[in-house]
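Chain by chain, the residues run as shown.
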Amino acid sequence: MQKLKKEQLAIGNYHYTNWPFEHFLKSVQELGLKNIEIWGAKPHFLVDIQSPDYLRTTAKKIQDAGLNVICFCPEQNNYPVNISASETSLRRWSIEHMKHSIEAAALLGAPTVLLCPGNGTMDEQPEAIRDRFAVSARELSQTAADYGVILALETQAQTDALFMNTAQQQREVLDMVSHPNFKMMLDTVQLAQFDTSVAEDMRIIGTENVQHVHLGNTVLREKTVGEKRLPGIYSLGRSVCGHIGFREGNLPLMQNLKELAEANYQHFVTIEICQKAYWMEADRFAKEALELIQDAFI
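Residues numbered from 1 in each chain as written. Predicted model: local features only at pLDDT ≥ 70, side-chain atom pairs only at ≥ 80, totals over all residues. Heavy atoms only, no water.

Asks: What's the story with the overall build of the protein chain in this structure? I'm lost.
Replies: Helix and strand content of the protein chain: 10 helices and 8 strands. Computed over C-alpha atoms, the radius of gyration of the protein chain comes to 18 Å, within 12% of the 19 Å expected from 2.2 N^0.38 for 298 residues, which places it in the range of a compact globule. Along the three orthogonal principal directions, the C-alpha set of the protein chain runs to about 50 × 45 × 35 Å. Looking at the 298 residues of the protein chain, the share that counts as buried comes to 55%. For the protein chain, the proportion of contacts with a sequence separation of at least 24, taken over those separated by at least 6, is 79%. Total accessible area computed for the protein chain in this model is approximately 12900 Å², and 51% of it derives from carbon and sulfur atoms. Measuring between centres, the 28 positive side-chain charges of the protein chain sit 2 Å from its 37 negative side-chain charges. (Helix = DSSP H or I, 4+ residues; strand = E, 2+ residues; numbered from the N terminus. Rg over C-alpha atoms; globule rule 2.2 N^0.38 Å. Buried < 20%, exposed > 50% of the residue type's maximum accessible area, 1.4 Å probe, protein only. Contact = heavy atoms within 4.5 Å. Areas by Shrake-Rupley, 256 points an atom, 1.4 Å probe, with all protein chains shown as cover. Lys, Arg positive; Asp, Glu negative; His and termini not counted. Charge placed at Lys NZ, Arg CZ, Asp CG, Glu CD.)

Set out below in structure tokens:
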């Protein structure tokens, strides 16, 4: 089995938000990892209220712990951030919020900023939402270039975005935006939902255009009553239960990692556990995740 390098592995603070940020740093040290991904959400980070001095101080704290920030993921789904909104004022506010997030990432030393696509409304054609997104992404890509970071676009479940769900759609906007600081990312839970593989998505997007990967586990299951009632165009893919503990899901994580290695993927892979059920025992589930996948790395 081809393997990735251990220095490509990172872990996010997504399931540590019941704990002080310092506890997260200590936990990562104890795991023997060097790379972290930061979720830009309360209580650890909320870019609209935290000053540049706070971010610089935090960057120094991370550096002193011997760790590197490899990606900053400002929350873009649960807050009213929508860079594809049809309302001009909301879209403008969202773009400015994301510009602030890009600046925050640079102050923290993160080379990559995760970008979510935003959303439109059910009465619109998906192409109209996509076109607004492309305009916003082009502007944000230039800001990213100004700060020396790369944007990495993530697909979403159809319950979160009506137009950016598959690698084919990623490829479309990659060509539309056509900016060197605008790249793509893969999430193994999203791949499973739309019944595709790392190898297939890499072929569609191009390995050179994939900047980041989220490694998450989930349970593929029968669709819920609510999911079954969605109109056909918005009921694609399979049902999943989010990013759960690695020992509790049924995805082929080792195969995912093997296909990344075979594609000669050179960037980072972040362990993502993002459910409130895991917040109380954050250290335990981080350790279990690492133990489960460590043989895929050299």
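Moving on from the coordinates now.
Asks: When you look at the packing of helix H2 (residues 52–64) against helix H3 (residues 88–108) in this model, what are you seeing that I'm missing?
Replies: Each pair of packed helices can be described by the angle between their axes along with the distance between the axes. Relative orientation of the contacting elements H2 and H3 amounts to 35°, with a least axis distance of 8 Å. Crossing geometry of H2 relative to H3 is assigned as right-handed. Facing H2, whose interface residues are Pro-52, Leu-55, Arg-56, Thr-58 and Ala-59, H3 presents Ala-104, Leu-107 and Leu-108. Residues belonging to the contact of H2 with H3 are distributed by class as follows: 6 nonpolar, 1 polar and 1 charged. (Axes fitted to C-alpha atoms, helices over the stretch in contact; angles between N-to-C directions. Left-handed = near helix turned anticlockwise from the far one by under 90°. Nonpolar A, V, L, I, M, F, W, Y, C, P; charged D, E, K, R; others polar.)

Asks: What's the story with the layout of surface pockets in this structure? I'm lost.
Replies: Unfilled space is identified by rolling a water-sized probe across the atoms. The volume enclosed by the largest pocket comes to roughly 970 Å³. Along its surface, the largest pocket is lined by 43 residues, and Asn-77, Asn-78, Asp-160, His-243 and Cys-274 are the ones closest to its centre. Looking at the lining of the largest pocket, the elements that each hand over two or more residues are strand S3 (68–74) and helix H6 (188–193). In terms of residue class, the lining of the largest pocket is built from 17 nonpolar, 15 polar and 11 charged. (1 Å grid on protein atoms, 1.4 Å probe; cavity = no way out; pocket = protein on both sides within 12 Å on 5 of 7 lines; lining within 4 Å. Points joined across faces, edges and corners; volume = space filled by probe spheres on them.)

Asks: Before we go on, may I ask you to explain the pattern of salt bridges in this structure?
Replies: Opposite charge on two side chains lets them pair, provided their charged atoms get close. Counted by the stated rule, this structure contains 15 salt bridges. A salt bridge links Lys-61 to Glu-22; its shortest N-O distance comes to 2.7 Å. Taken together, the positions of Lys-61 in helix H2 and Glu-22 in helix H1 (residues 21–31) put the pair 39 residues apart, joining distant regions of the chain. Note that Arg-130 is salt-bridged to Asp-131, the shortest N-O span being 3.0 Å. Where salt bridges share partners, they join Arg-92, Glu-96, Lys-99 and Glu-139 into one cluster. (Salt bridge = Lys/Arg side-chain N within 4 Å of Asp/Glu carboxyl O.)

Read these as layout, nothing more, since geometry by itself doesn't imply function.
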